[in-house]
Amino acid sequence: MESALTARDRVGVQDFVLLENHTSEAAFIENLRKRFKENLIYTYIGSVLVSVNPYKDLEIYTKNHMERYRGINFYEVSPHIYAVSDNSYRSMRTERKDQCILISGESGAGKTEASKKILQYYAVTCPASDQVETVKDRLLQSNPVLEAFGNAKTLRNDNSSRFGKYMDIQFDFKGAPVGGHILNYLLEKSRVVHQNHGERNFHIFYQLIEGGEEDLLRRLGLERNPQQYQYLVKGNCPKVSSINDRSDWKVVRKALSVIGFSEDEVEELLNIIASVLHLGNIQYGGEDSGNAYITTDTQIKYLARLLGVDGSVLKEALTHKKIIAKGEELKSPLNLEQASSARDALSKAVYGRTFTWLVNKINVSLAYKVTPHNASVIGLLDIYGFEVFQHNSFEQFCINYCNEKLQQLFIELTLKSEQDEYEAEGITWEPVQYFNNKIICDLVEEKFKGIISILDEECLRPGDASDITFLEKLENTVGGHAHLTTHKLTDGKTRKVMGREEFRLLHYAGEVNYNVNGFLDKNNDLLFRNLKEVMCMSDNKILTQCFDRAELKDSRRPETAATQFKTSLAKLMEILMSKEPSYVRCIKPNDAKQAGRFDEVLIRHQVKYLGLMENLRVRRAGFAYRRHYETFLQRYKSLCPETWPSWQGKLADGVSTLVKHLGYKPEEYKLGRSKIFIRFPKTLFATEDALETRKHSLGERESHVSHAVVVQAWWKGILACRRARRRREAANTIRRFIKGFIYRHNERCPENEYFLDYVRYSFLMKLRRNLPKTVLDKSWPTPPTALIEASERLRKLYMQNMVWGYCKRINPEWKHQLEQKMVASEIFKNKKDNYPQSVPKLFVGTRLNGEEINPKVLQSLGSEKMKYAVPVTKYDRKGYKARPRQLLLTSNSAVIVEEAKLKQRIDYAALKGISVSSLSDGVFVLHVPTEDKKQKGDVVLQSDHIIETLTKVAIFVALTQIITFTMGQGREGIIDFTSGSELLVAKAKNGHLSVTAPRLNSR
Ligand SMILES: Nc1ncnc2c1ncn2[C@@H]1O[C@H](COP(=O)(O)OP(=O)(O)OP(=O)(O)O)[C@@H](O)[C@H]1O
Ligand SMILES: [Mg+2]
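The model shown is predicted, which means the values in this text are computed figures rather than measured ones.

Undergrad: Which residues make up the overall build of the chain, and what values go with them?
TA: If you tally the helices and strands in the chain, you get 37 helices and 30 strands. The globule rule puts the C-alpha radius of gyration for 1003 residues at 30 Å, and the 47 Å found for the chain is more than 25% above it. Principal axes of the C-alpha set define a box for the chain whose edges measure 155 × 95 × 60 Å. For the chain, buried positions account for 49% of its 1003 residues. Here the analysis covers contacts within the chain between residues at least 6 apart in sequence; of these, 61% occur between residues at least 24 apart. The positive charge centre, built from 148 side chains, and the negative charge centre, built from 123, are 9 Å apart in the chain.

Structure (structure tokens):
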């Protein structure tokens, strides 16, 4: 609740209790819708979890999520099935009270998925040991097996549970799961022989046919084609896109061995499954009224082998019935219809009993190996949801009756007990009006007068009882009941929507019409004696366990299906009542099994029949926590000097003194006759936290201590308390660190903020100690993910600063040097092999000074000043003879000199290009135009300082601003541009036109 208040998730409220308008159904549904749109499928009503099936995989069931919910207060984190799981687990551990989680909702709402999530949570988060690992595995693996044999594709759910399941998980005193036990309810056996259009038989049949190895299928006499089997073609739906029968088969086979099925047992089990398919393909011949005979002998051959029975005995039993009348056995032939139903009855009985055997076998494997002393239990109930079809039969009647009972339990345990308690405690209470469905439960189950009793009576009475006489009897006996009507009894309007063979029950969830056709047969569940006898004789060990000989000897009439169900439901209610319940209410968002679709009409209906509005109303009026004064005082008395070590006065006064000392505000609690009621969980949490701190200081001392010891203990207590606080703080810091580390890649959230801040701080400190010292030092500490961007900005800023400082310190010569180096780098970097070696060597102003050059040469240069000179070797154009020369660079031209002779002058304007190799040599070629008569052609030179020399050439060429133009008759004129202080255009001595232009913008 706290996290809801701090608006950690802003989409809707995460506890309906916080809804502004808590009585408005529209507001309730709007809240659900808002959250659903944001994939927030869970919402609380106090401690009840409402879950909307997302019909898509949400990333909310990872191990990280489990860890997040572990050991955390229910209200501190956003709602989740894991929070409910954890809450039950911790209540079991701390209060030593058995728990149960009741998962309800209609078909396809997500009950089974929820129960699996709970089981996975315990398997992952509970303490473990070697033996426990096996139990965990077996608990988890029991699901695929039970689903293969007990689930099927229906119109509403591709993996619909066609049986009810209650599973106990047993925990030892350390809280480790050590065993389990499953109770199964009312498998929908009729599905074995018939499926409605668009539905399938139980998954196992298709898994076996699709996934079974060739060898296995051959042994079982099966073909890899479900269309071949009468029991699989009724629904006309052999394949389902969301189901992969072949891979599921592998999962089931593995699960069977994990649970501890031997190879022989698996073989026998599959023999039975195959037999059911063969039974379905048995066909009869004969007239309608005459005796039936079997026309398909191959099936009998396979059946005899697979079931381990005599073929002819089986054949006989499938065409005759044997009954005992007045102690005498009577055998009579069956007609076509009777024989078919005998065959189907056998298939259903065989499959149904094998399913129960399977559950028992799993129970043996899950059984707690050591005496279950001190074991605590969490029960999970995943039972068929409320069902309403176009045609509803006996099965729906039982299922809806079961839901009616569960609703009653819910009412009893939460709504009613809440109100009763406030009343008993004398606490002011605004009564909440709710519909108590006990009246409907009574209508179904009451002795003598209830529907089940009437049905049984019709089943068991001699004479011509039929489904229709049952309907008539209903009309005569309970016809006046406010929650029942029939076609005959109802008004004209309702009659239009009811069949003549239907009765209508007004369930808490809505009206359902039941067609009585088949009620008697289904309730009787008759299997002829001779078929039972054949099964008892079977060589198949599973079957002989399923069909006990003792049953044959028992002359009493077997209990009817409805009565059996009623009895087992009553037992289940007893089990549930003895435990502390939590509720998960599942809601189906649409009928199309589609993600993202929120069908308001459908949802409103579910909100209504799950009684969620009533539940919310009660919660809003109620208190989160209540305890007897004695228990409360006993637990918290150490928190107040007046109540510690013992309180001598009245309990109520003690509690009052205690809570006042704790600073409870009047609106936070109420004192009843024998209990204190605390309205908000947070008040209690604060008290619990204070107790935790206090406990450390108290240790485990006896209560009868002398006053001196008390004083001493107090002092020790305070010291220990400080120590404990420090230790706890340290532990908290470490915990925060670990959690922060786990969530370090997430967005900033309460789990990781401490950690992220620390990482940032330590990075900045490290950076401060390790900043680069020079512009060339490119090292930089690696930043944490959260600081990558900031670190990059800091690095750039810091570099800019350093560069700026560096530039400021630089002198003109060094600047000139660097400019040249820049030019060199642009020309040669990654292009010439000896460039890297040239980088550390400084470029010099000139390699030959005035004295080393012949004065005549300098003279003939005239006004052109020599800017750079270097000794080079020239290679003759013909013969490549090497000759020592000097290369002089002026601002306008490159001049090749041999001692006093000026051998060749190449104007930069005329220079067509320079070629060098990419290797480490010093050879270069100056290209000149061939048509120029004054030039002798390209020059091949070699310099020991080639990078420096050519960089200089490049710089001078770039600085020279020369334009050549044609003067007519093939002659060329040249204009030299230079910058100067003022504009001047005049003929120069070298015969060029010289232009001096003032610089306007400083560069
Ligand atoms: N939490 C969930 N996340 C994703 N998908 C889910 C979730 N819950 C249910 N589903 C989807 O809905 C389907 C039906 O759910 P489930 O089998 O649990 O329904 P159910 O209430 O047990 O129905 P039935 O009463 O028919 O057995 C699942 O097969 C799955 O595809
Ligand atoms: Mg289910």
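The structure having been displayed, the exposition proceeds.
Undergrad: Now, about empty space enclosed by the protein: what can you tell me, with residues and values included?
TA: Applying the stated criterion across every chain yields a total of 7 cavities of 30 Å³ or more. Considered as a void within the structure, the largest cavity measures approximately 130 Å³ in volume. Lining the largest cavity are 17 residues, and of these S104, N403, L406, Q407 and R585 sit closest to its centre. Of all the secondary structure elements, the ones that give two or more residues to the lining of the largest cavity are β3 (99-104), α16 (394-425) and β16 (580-587). Here the lining of the largest cavity takes 4 residues from α16, the largest share from any one element. For the lining of the largest cavity, a count of residues per class yields 10 nonpolar, 5 polar and 2 charged. Taken as a whole, the second largest cavity holds about 50 Å³ of empty space. If you go around the second largest cavity, the residues you meet are T112, N143, E147, N151, S161, F163, K165 and D382. In the lining of the second largest cavity, the residues fall into 1 nonpolar, 4 polar and 3 charged.

Undergrad: I'd like to hear about the nonpolar core, residue by residue, with values.
TA: In terms of nonpolar packing, the biggest core is built from 108 residues, with Y122, F149, F205 and L318 touching the most fellow members. The element contributing the most residues to this core is helix α15 (residues 336-366), with 13 residues. Among all residues touching Y122, those that are not within four sequence positions of it are S85, S88, Y89, I101, K136, I169, F171 and I378.

Undergrad: Got a sec to walk through a nonpolar patch on the surface? Specific residues and values, please.
TA: A cluster of nonpolar side chains, namely W714, W715, I718 and L719, defines an oily patch on the protein surface of about 370 Å² accessible area. Looking at I718, the relative accessible area reads 33%, which means it is partly exposed.

Undergrad: Kindly report on the UniProt feature "binding site: ATP" (unreviewed entry) in the chain, identifying the contributing residues and their values.
TA: Sites flagged by UniProt as "binding site: ATP" (unreviewed entry) map to G105, E106, S107, G108, A109, G110, K111 and T112. Restricting the annotated residues to those that line the largest cavity leaves G105 and E106. Inspection of the secondary structure puts E106 in the loop between β3 and α5 (111-125). Looking at E106, the relative accessible area reads 6%, which means it is buried.

Undergrad: Could you give me a rundown of the pairing of β3, with the residues and numbers involved?
TA: Summarising burial for β3: 6 of the 6 residues are buried, a large majority. Going residue by residue along β3, you find Q99, I101 and I103 tucked away on one face and C100, L102 and S104 tucked away on the opposite face as well. Inspection of the sheet shows β3 paired to strand β12 (residues 376-382) by 5 bridges, in the parallel sense. Paired with I103 across the two strands is D382, which belongs to β12. Bridge analysis of β3 against β16 gives 6 bridges, and the strand direction is parallel. Residue pairing for β16: I103 is matched across the bridge by V584.

Undergrad: Break down the packing of aromatic side chains for me, with residues and values.
TA: One pass over the structure, following the stated rule, counts 32 aromatic pairs. Centre to centre, the rings of F394 and F519 are 5.6 Å apart; their planes meet at 85°, and the pair counts as edge-to-face. You can see F394 sitting in helix α16 and its partner F519 sitting in helix α21 (residues 519-524), a full 125 residues away along the chain. When the centroid spacing of 6.1 Å and the interplanar angle of 80° are considered together, the rings of F741 and F755 count as edge-to-face. Separated by 14 residues along the polypeptide, F741 in helix α31 (residues 707-742) and F755 in helix α32 (residues 753-769) bring together distant segments of the chain. Counting every residue linked through ring pairs, the aromatic cluster contains Y61, Y69, Y82, Y89, Y121, Y122 and F171. Sitting over the ring of F261, K361 keeps its end group 5.5 Å from the ring centre. Above the plane of the ring of F410 lies R585, whose end atom (NZ or CZ) is 3.9 Å from the centre.

Undergrad: For unusual backbone geometry, give the residues involved together with the corresponding values.
TA: With omega at 5°, the peptide bond leading from W644 into P645 counts as cis. Among the secondary structure elements, P645 is positioned in the loop between α28 (629-636) and α29 (651-661). Its identity as a non-glycine residue notwithstanding, L186 has a phi of 40°, on the positive side. Inspection of the secondary structure assignment puts L186 in the loop between β7 (177-185) and α7 (190-193). Looking at L186, the relative accessible area reads 28%, which means it is partly exposed. Positive phi, normally seen in glycine, also occurs at K593, with a value near 55°. Counting through the fold element by element, K593 comes out in the loop between β16 and α26 (600-609). With a relative accessible area of 24%, K593 lands in the partly exposed category.

How each quantity is defined
- Residues numbered from 1 in each chain as written.
- Chains lettered and ligands numbered in written order.
- Predicted model: local features only at pLDDT ≥ 70, side-chain atom pairs only at ≥ 80, totals over all residues.
- Heavy atoms only, no water.
- Helix = DSSP H or I, 4+ residues; strand = E, 2+ residues; numbered from the N terminus.
- Rg over C-alpha atoms; globule rule 2.2 N^0.38 Å.
- Buried < 20%, exposed > 50% of the residue type's maximum accessible area, 1.4 Å probe, protein only.
- Contact = heavy atoms within 4.5 Å.
- Lys, Arg positive; Asp, Glu negative; His and termini not counted.
- Charge placed at Lys NZ, Arg CZ, Asp CG, Glu CD.
- 1 Å grid on protein atoms, 1.4 Å probe; cavity = no way out; pocket = protein on both sides within 12 Å on 5 of 7 lines; lining within 4 Å.
- Points joined across faces, edges and corners; volume = space filled by probe spheres on them.
- Nonpolar A, V, L, I, M, F, W, Y, C, P; charged D, E, K, R; others polar.
- Core = buried A, V, L, I, M, F, W, Y, C linked by side-chain atoms within 4.5 Å.
- Patch = residues over 30% accessible without salt bridge, like charges linked within 9 Å, V, L, I, M, F, W, Y side chains within 5 Å.
- Areas by Shrake-Rupley, 256 points an atom, 1.4 Å probe, with all protein chains shown as cover.
- Salt bridge = Lys/Arg side-chain N within 4 Å of Asp/Glu carboxyl O.
- UniProt positions renumbered as here; feature names shortened; annotations may be inferred.
- Pairing = 2+ DSSP bridges.
- Phe/Tyr/Trp six-rings, centres within 6.5 Å; stacked < 30°, edge-to-face > 60°.
- Lys NZ or Arg CZ within 6 Å of the ring centre and 35° of its normal.

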